[in-house]
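Coordinate inspection notes
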Amino acid sequence: MRVLVISDIHANLTALETVLADAGDYDAAWCLGDLVGYGPDPNECVERVRALPNLQCLIGNHDKAALGEIDLALFNADARQAVSWTQETLTNEAHAYLESLPEAVEIGKYTLVHGSPRQPVWEYILDRNIAAQTFPYFATPYCLVGHTHSPVIFTESSDGPPAPEKRLRPGERLTLGRNRRILNPGSVGQPRDSIPDASYAVLDFEAAVWEARRVPYDVAATQARMASQELPERLIARLAYGW
Ligand code: ZN
């Protein structure tokens with residue numbers, strides 16, 4: 001089974017459509033949360049994701065914020081403005097769908113969460129030291145996370161210091177093998193690793209082979225829709241730089 005792994009779409013339909021067109025054939029889709037927030041197309045992105053085959057979708061912190069389940073004081077001013085706009089824009093149907101999403105699931109050898117296995121919605125696994133602390137919090141060999149918007153792979157080390165982080169080149173494949181790993185496909189709609197191209201992964205479910213993927217999309221088209229909705233300038237600008 002070939003699984004499309006996407007995360008942090010952030011209401012960027014242009015990036016999402018580009019990824020879906022680039023991905024080729026896949027049998028199932030796993031979405032690691034943050035379908036909405038920041039971008040101009042929350043309802044369209046929810047609708048598109050819902051229609052994916054054999055979908056497993058998780059809730060992210062921005063999805064919870066859009067549902068009114070998170071204190072807005074926890075977000076910075078730009079994010080807060082985007083959350084308020086998203087709350088006003090979300091249809092009842094999209095709202096109900098986001099409300100139905102789980103915080104964590106296990107599928108075969110894989111645990112899926114948005115943030116980390118220790119705190120599924122909120123914790124950022126930013127480096128190998130944080131990753132090392134979270135390995136005890138999942139039971140499967142591998143854990144898939146999003147949330148940081150940066151594609152990376154952490155490997156458990158049985159003793160000594162945490163193993164170095166692995167960053168694959170686009171198109172590069174890694175056989176996951178016997179080591180336990182935490183894998184982040186990066187962000188579809190708002191990459192933050194200084195590369196503006198949409199980031200995702202393709203997983204061979206049975207063979208446990210992870211392929212990193214990158215694809216450029218029409219950033220200006222998304223920026224134009226954000227401007228027409230008067231979303232914050234800084235959020236519009238950052239898409240072009242990948243931060
Ligand atoms: Zn996010």
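Residues numbered from 1 in each chain as written. Predicted model: local features only at pLDDT ≥ 70, side-chain atom pairs only at ≥ 80, totals over all residues. Heavy atoms only, no water.

**Notes on helix α8 (residues 233–241)**
- Every buried residue belonging to α8 is among Leu235, Ile236, Arg238 and Leu239, and all of these are buried. Looking straight down α8, one finds that the buried residues subtend no more than 165° of arc, so they occupy a single side. In α8, the exposed positions angled more than 90 degrees off the buried face are occupied by Glu233 and Tyr241.
- The inward-facing, buried residues of α8 abut α4 (77–89) and α7 (219–228).
- Count one or two residues on from α8 and you reach Gly242, which has phi positive near 70°. (Buried < 20%, exposed > 50% of the residue type's maximum accessible area, 1.4 Å probe, protein only. Helix = DSSP H or I, 4+ residues; strand = E, 2+ residues; numbered from the N terminus. Arc of directions from axis to C-beta. Contact = heavy atoms within 4.5 Å.)

**A look at the coordination of the zinc ion**
- Protein coordination at the zinc ion comes from Asp8 (OD), His10 (NE2), Asp34 (OD) and His149 (NE2), with a distance range of 2.1 to 2.3 Å.
- One can describe the donor arrangement at the zinc ion as irregular, given that its four donor atoms subtend angles of 85 to 179° at the metal.
- Here the donor residues of the zinc ion are spaced in sequence according to D-x1-H-x23-D-x114-H. Like His10, Asp8 is buried. (Donors = N, O, S within 2.8 Å, 3.2 Å for Na, K, Ca; no water. Tetrahedral: all angles 85-135°; square planar, octahedral: opposite > 155°, others 65-115°.)

**Details of the side chain of Glu123**
- Positionally, Glu123 belongs in the loop between β5 (110–113) and α6 (128–134).
- A polar contact of 2.5 Å, which involves the side chain of Glu123, links it to the side chain of Ser116. (Polar contact = N/O pair within 3.5 Å; in protein donor to acceptor, adjacent residues only side chain to side chain.)

**Here we look at the pattern of salt bridges**
- Across all of its chains, the model carries 14 salt bridges by this definition.
- We note a salt bridge from Arg213 to Asp22, for which the minimum N-O separation is 3.6 Å. Of this pair, Arg213 sits in strand β11 (residues 209–215) while Asp22 sits in helix α1 (residues 13–22), placing them 191 residues apart in sequence.
- The class of Arg213 is buried, set by a relative accessible area of 16%.
- The partly exposed category is assigned to Asp22, whose relative accessible area is 29%.
- Across the salt bridge formed by Glu172 and Arg169, the nearest N and O atoms sit 3.7 Å from each other.
- Through salt bridges with shared partners, a single network forms among Asp22, Arg173, Glu211 and Arg213. (Salt bridge = Lys/Arg side-chain N within 4 Å of Asp/Glu carboxyl O.)

**Topic: the packing of aromatic side chains**
- Under the counting rule described, the total for this entry stands at six aromatic pairs.
- Pairing Tyr110 with Phe205 gives two aromatic rings, centres 5.4 Å apart and planes at 40°, and the pair type is tilted. In this pair, Tyr110 sits in strand β5 while Phe205 sits in the loop between β10 (198–204) and β11, placing the two residues 95 residues apart along the sequence. Summarising the burial analysis for this pair, Tyr110 and Phe205 share the class buried.
- Members of the aromatic cluster, connected to one another through ring pairs, are Trp30, Tyr110, Tyr142 and Phe205.
- Stacked on the ring of Phe138, the Lys or Arg Arg180 has its end atom at 4.3 Å from the ring centre.
- The ring of Tyr38 is capped by Arg238, whose NZ or CZ atom sits 5.8 Å from the centre of that ring. (Phe/Tyr/Trp six-rings, centres within 6.5 Å; stacked < 30°, edge-to-face > 60°. Lys NZ or Arg CZ within 6 Å of the ring centre and 35° of its normal.)

**Digging into the nonpolar core**
- Ranked by size, the top nonpolar core spans 47 residues in total, and within it Leu4, Ile6, Leu16 and Leu35 carry the most contacts.
- For this core, the leading source of residues is α1, giving five residues.
- Formed by 23 residues, the second largest nonpolar core is a distinct cluster that contains Ile153, Leu183, Leu203 and Ala208. (Core = buried A, V, L, I, M, F, W, Y, C linked by side-chain atoms within 4.5 Å.)

**Details of the sheet that holds strand β6 (residues 142–144)**
- What the five strands build is an open sheet, ordered β4-β5-β6-β9-β7; its pairing is mixed. The strands lining the two open edges of the sheet, one partner per strand, are β4 (104–107) and β7 (152–155). Sheet twist, expressed as the mean angle between neighbouring strand axes with direction ignored, is 20°. (Pairing = 2+ DSSP bridges. Axes fitted to C-alpha atoms, helices over the stretch in contact; angles between N-to-C directions.)

**With respect to the pairing of β10**
- Of all seven residues in β10, six are buried, a share of seventy percent or more.
- Bridging between strand β1 (residues 2–6) and β10 involves four bridges; their strand directions are antiparallel. Bridge pairing links Arg2 to Asp204 in β10.
- As paired elements, β10 and β11 share seven bridges and run antiparallel to each other. Bridge assignment links Ser199 to a residue of β11, and that residue is Arg214.
- What sits between the antiparallel neighbours β10 and β11 is a turn of four residues, in which Ala208 has the positive phi angle 55°.

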